[in-house]
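# Analysis of the macromolecular model
This is what each chain is made of:
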Amino acid sequence: MTRNIDIKSDEQINRIHRLACETPYEVWLSTDTVMLDARSLLGLYALVGQRAKVVTEDGLDPKMVDRLVEKMS
């Protein structure tokens, strides 16, 4: 399951990292050129100023994923 997100600031990166670490499932961020584990804080900083896709497992509740992405924005 994927959702789009615009990553605008370092504060947002910290929020994405914290939320990804709290989830019981894997969360990835993907661009055209790279796919990063959202739990990898160092890698996330390369995405500031870019649009990325939040990627999760397909079997998850879509509403739960939407709420997660909303909190990340």
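Quick summary incoming for the structure in this document.

Thresholds applied
- Residues numbered from 1 in each chain as written.
- Predicted model: local features only at pLDDT ≥ 70, side-chain atom pairs only at ≥ 80, totals over all residues.
- Heavy atoms only, no water.
- Pairing = 2+ DSSP bridges.
- Helix = DSSP H or I, 4+ residues; strand = E, 2+ residues; numbered from the N terminus.
- Axes fitted to C-alpha atoms, helices over the stretch in contact; angles between N-to-C directions.
- Contact = heavy atoms within 4.5 Å.
- Buried < 20%, exposed > 50% of the residue type's maximum accessible area, 1.4 Å probe, protein only.
- Salt bridge = Lys/Arg side-chain N within 4 Å of Asp/Glu carboxyl O.

Time to look at the sheet that holds strand 1 (residues 2–7). Spatially, the four strands line up as an open sheet ordered 1-4-2-3, and their pairing is antiparallel. Of all the strands in the sheet, just strand 1 and strand 3 (35–37) have a single pairing partner and so form its edges. Ignoring strand direction, the axes of neighbouring strands in this sheet form an average angle of 30°. In this structure, strand 2 (residues 28–30) lies alongside strand 4 (residues 50–55), joined through three bridges in antiparallel fashion. Bridge pairing in strand 4 places Leu29 opposite Val54. Sheet strands touched by helix 3 (residues 62–72): strand 1 and strand 4. Its angle to strand 1, the strand with the most contacts, is close to 5°.

Further remarks concern the side chain of Thr56. Residue placement: Thr56 occurs in the loop between strand 4 and helix 3. Given the relative accessible area of 8%, Thr56 is considered buried. Thr56 has contacts with Met1, Tyr25, Glu26, Val27 and Val65, leaving out every residue within four places of it along the chain.

In this section: the pattern of salt bridges. Throughout the structure, instances matching the rule amount to three salt bridges. In this structure, the salt-bridge partner of Asp66 is Arg3, at a minimum N-O distance of 2.4 Å. Of this pair, Asp66 sits in helix 3 while Arg3 sits in strand 1; the two residues are 63 residues apart in sequence, bridging distant segments of the chain. Residue class for Asp66 comes out partly exposed when judged on its relative accessible area of 34%. Exposure remark for Arg3: the relative accessible area of 24% places this residue in the partly exposed category. As a salt-bridge pair, Glu22 and Arg18 come within 3.7 Å of each other at their nearest N and O atoms. Of the two residues, Glu22 and Arg18 both sit in helix 1 (residues 10–22), four residues apart, roughly one turn of that helix. Here Glu22 falls in the exposed class, since its relative accessible area comes to 52%. For Arg18, a relative accessible area of 43% gives the class partly exposed.

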